[in-house]
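# Understanding the architecture of this molecule
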Amino acid sequence: MEKKNTDIIAKKDENLTGLDFIREIIRNDLKQNKNNGQVITRFPPEPNGYLHIGHAKAIVLNFSVAEEFKGRCHLRFDDTNPTKEEMEYIDAIKKDIRWLGYDWDDHEYYASDYFEKIYDYAVQLVKKGKAYVDTLTSDEIREYRGTLTQAGKDSPYRNRSVEENLSLLEKMRNGEMEEGACVLRARIDMASGNINMRDPSMYRILKASHPKTGDKWCIYPMYDFAHPLSDAIESITHSLCTLEFEDHRPLYDWFLDQLSTPAHPRQIEFARLNITYTVLSKRKLLHLVSEGHVKGWDDPRMPTLSGLRRRGYTPESIKVFCNRIGVAKSNSVVDIALLEHCLREDLNKTANRVMVVLRPLKVIIDNYPDEKVEELDAINNPEDESMGKRTIPFSKVIYIEREDFKEDPPKKFFRLAIGREVRLKHAYYIRCESIVKDEKTGDIIELHCTYDPRSKGGWTEDGRKVMGTLHWVSTAHAIKVQVNLYDHLFLKEDPENLPEGSDFTSNLNPRSMEIIKDCFAEPSLKNAQVGDRFQFLRQGYFCLDPDTSSGRMIFNRIVNLRDSWAKIEKSILS
RNA sequence: UGGGGUGUAGCCAAAUUGGCAAGGCAGCGGCCUUUGGAGCCGCCAUCUGGAGGUUCGAAUCCUCCCGCCCCAGCCA
């Protein structure tokens, strides 16, 4: 038997608990057979900046709701303000949505596609006496609007005749009026407690060239007028937006009630996403880019989708995250640890393991033959055997991680120290016999070790217990690579939490990026392609950056591995 | 006495609409481990912003109080 839309269990990823309130509303609408059982949503970005993970929440919501209820989701650019919008952003937005894995077929629309229709609707309102041209200055309009606690008062031009309004509106459209000389206003109620209803502006004069319509128009509709009409023209059934538009809803409905449109979509508001240690406002992100605090919109530290992509985030992890945080109406701040958890969860299953030494310390294995090289077997991903195996060259001189040796090992440190034995992953047990220091600085230059030939592959039959396992790389075979270590862009959980007089950039983390130039990677990494993701054993997940050139590979750290030793170390210190 | 929202654990967030507080993250123990990764097991709200009330029974209903968020663009 065919499934009805209402039978669909949403949120496939999650347990079968209640639907979020939006899916609940839609299900009920469907039960009552509203909209002929159709569900059409839309994602309406303004092309004035890059998409960030907050938009991803809206994208995932709109597209997955549409899919779950067998409807569709439109992509519509809300391009009603040519002074801020650019083609560059349109292209970037499309690329980002596709990267997330969504497809809008041919339902790609622009509010500007509807400018003619929207204008006609405006004329209708004027004819009904529900809109008028106001020649008050913008300052005067603000004064007349009143305050939060005091009613506004009517503009002296509020009662112009329909004929005069019509001719004035036409003059606005024809470019016969100066920018700022007048606006078209809805005639609603200057005493409303809801300020949005105090005769809001519908059209303003902007003598600016538009990325799509060029110089065809010199008046542009305001969001509050264009949005409900665009939704209605596309027969959107559920228009999902963020909480700050809640008190615009009466206006949204007012316009649609006054006009006879093909549909009257239902606007539903949900809480926008906030994440700890992160700033998610286009204005602030633009500021970070334009003031050079980051290297661009796609800087791997940015929460933009292009930044996350370059950093190495998988689209899958972002979608899982968006589903896991839920959709509700209370303002919330999600712990960035949840995002990182979703990332690791995905990468753990999909990323090949390789060995890379970030801060090398030379180890000479005294009892290993000088010229001998062995090719040792290594599994690519212990989570998934089907990802295969590779070999790694082993020889007398290797690098290990500097922090894996300690002259004075603290309690619970079970890595290398003089007289101790550890396992080299996939290779042999080695014991540290002596160390060589720089006479002047006292720095450790190299370690002398011996290996146990019976421990080939990393184990022995005698059941000897070896606690530590280190990653390593053969010096003669290693390739030198650059590694960029990233950390949170902001020092404070809430970057907006500032002392009086300073701005959010004072909370920037000065150590959000650390570049390590001379790292040594196992030779198999030679074949890596830009965008490939790996787990550097015991270090974290890394992604080959597009700045990589033939002479220099650059890896971005996507996220570190959970590090329980770091916690132990911290508790020992305190 | 401006309007609109919202309060469930450190952070998100459910609770089939009055039936006895899911789940995830974080944290904490333990097991396991050729990654101090992963995995596995256990613990983590006598209680839903507060105070009253209705009821056999309240996070859900009523009353009052408190906190937090949004709105005074010719931005979206």
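All of the points below concern the structure found in this document. Just so you know, these numbers come straight off a predicted model, no measurement behind them.

Looking only at helices and strands, one finds 13 helices and 25 strands in chain A. Compactness check: chain A gives a C-alpha radius of gyration of 31 Å against a globular reference of 25 Å for 574 residues, more than 25% above the reference. If one aligns the C-alpha atoms of chain A with their principal axes, the spans along those axes are about 100 × 65 × 45 Å. Considering chain A as a whole, with its 574 residues, one finds that 53% of them fall into the buried category. Within chain A, counting contacts between residues at least 6 apart in sequence, those at least 24 apart form 70% of the total. When the accessible surface of chain A is summed, it comes to about 27,000 Å², and 46% of that surface belongs to carbon and sulfur atoms.

This paragraph deals with the pairing of strand β15 (residues 397–401). Buried residues dominate β15, accounting for four of its five residues. Two strands pair when backbone bridges link them, and strand β12 (residues 360–365) and β15 are joined in this way by five bridges, in the antiparallel orientation. Bridge assignment links lysine 362 to a residue of β15, and that residue is tyrosine 399. With three bridges connecting them, β15 and strand β20 (residues 472–474) associate as antiparallel partners. The partner of tyrosine 399 across the bridge, within β20, is valine 473.

Below, the discussion takes up the nonpolar core. Core analysis: the largest hydrophobic core is formed by 53 residues, its most contacted members being Ile53, Ile97, Ile318 and Phe321. Once residues within four sequence positions are removed from consideration, isoleucine 53 is found in contact with Leu273, Ile275, Leu280, Pro303, Leu305, Leu308, Ile318, Phe321 and Leu339. Membership of the second largest hydrophobic core comes to 37 residues, among which are Met202, Phe225, Ile233 and Leu256.

Let us look at helix α3 (residues 87–100). End to end, α3 covers 20 Å across 14 residues, agreeing with the expected 20 Å (1.5 Å per residue, within 8%). Every buried residue of α3 is accounted for by Tyr89, Ile90, Ala92, Ile93, Lys94, Asp96, Ile97, Trp99 and Leu100. Note on α3: the residue one or two positions beyond its end, glycine 101, has a positive phi of about 105°.

Note: most residues except glycine have negative phi, and most peptide bonds are trans. Positive phi, normally seen in glycine, also occurs at asparagine 33, with a value near 60°. Examined against the element boundaries, asparagine 33 turns out to sit in the loop between α1 (21–31) and β1 (40–43).

Another aspect to go through is the side chain of threonine 261. Tracing the backbone through its elements, the reader meets threonine 261 in the loop between α8 (249–258) and β9 (266–270). A polar contact is formed between the side chain of threonine 261 and the backbone oxygen of alanine 263, at a distance of 2.8 Å.

Glancing now at the sheet that holds strand β6 (residues 201–205). Reading across the sheet, the four strands line up as β4-β5-β6-β7 and stay open at both edges, with antiparallel pairing between neighbours. Single-partner strands in this sheet number two, and they are β4 (131–134) and β7 (219–221). The sheet shows a mean angle of 20° between the axes of neighbouring strands, direction not considered. With three bridges connecting them, β6 and β7 associate as antiparallel partners.

The next point concerns the environment of methionine 222. By secondary structure assignment, the location of methionine 222 is in the loop between β7 and α7 (223–233). Residue classification places methionine 222 among the partly exposed positions, given a relative accessible area of 27%. Here the alpha-carbon distance between methionine 222 and methionine 202, two residues 20 residues apart in the chain, equals 5.2 Å. In this structure, methionine 222 is in contact with Ser201, Met202, Tyr203 and Arg204, ignoring residues within four places of it in sequence.

Near RNA strand B, the surroundings consist of 72 residues, among which Thr80, Arg353, Lys412, Gly457 and Gln535 are the closest. In RNA strand B, atoms within 4 Å of the protein come 65% from sugar and phosphate. Valine 333 is positioned such that a nitrogen or oxygen atom in its backbone is 2.8 Å from a sugar or linking oxygen of RNA strand B. Between RNA strand B and the protein, one listed contact pairs a phosphate oxygen with a side-chain N or O atom of histidine 341 at 3.3 Å. Listed by contribution, the elements that provide at least two residues to the surface near RNA strand B are α5 (138–144), β6, α11 (315–325), α12 (336–350) and α13 (564–573).

Here helix α6 (residues 162–173) contains 12 residues, and its C-alpha end-to-end distance of 16 Å stays within 8% of the 16 Å for a straight helix at 1.5 Å per residue. Buried within α6 are the following residues: Asn165, Leu168, Leu169 and Met172. Along the axis of α6, the buried positions cluster into a sector of 100°, meaning they face one direction only. Buried residues along α6 sit against α4 (115–127), β4, β5 (183–186), β6 and β7. Once α6 finishes, glycine 175 follows within two positions and takes phi at roughly 80°, a positive value.

At a minimum axis separation of 12 Å, α1 and helix α2 (residues 53–68) run at an interaxial angle of 35°. The element α1 and its partner α2 pack so that their crossing is right-handed. Each of Ile22, Arg23 and Ile26 in α1 lies in contact with α2, whose residues at this interface are Leu61, Ser64, Val65 and Glu68.

The rules behind each value
Residues numbered from 1 in each chain as written. Chains lettered and ligands numbered in written order. Predicted model: local features only at pLDDT ≥ 70, side-chain atom pairs only at ≥ 80, totals over all residues. Heavy atoms only, no water. Helix = DSSP H or I, 4+ residues; strand = E, 2+ residues; numbered from the N terminus. Rg over C-alpha atoms; globule rule 2.2 N^0.38 Å. Buried < 20%, exposed > 50% of the residue type's maximum accessible area, 1.4 Å probe, protein only. Contact = heavy atoms within 4.5 Å. Areas by Shrake-Rupley, 256 points an atom, 1.4 Å probe, with all protein chains shown as cover. Pairing = 2+ DSSP bridges. Core = buried A, V, L, I, M, F, W, Y, C linked by side-chain atoms within 4.5 Å. Expected span 1.5 Å × (residues − 1). Polar contact = N/O pair within 3.5 Å; in protein donor to acceptor, adjacent residues only side chain to side chain. Axes fitted to C-alpha atoms, helices over the stretch in contact; angles between N-to-C directions. Near = heavy atom within 4 Å. Arc of directions from axis to C-beta. Left-handed = near helix turned anticlockwise from the far one by under 90°.

Don't take any of this as a statement about function, it's just geometry.
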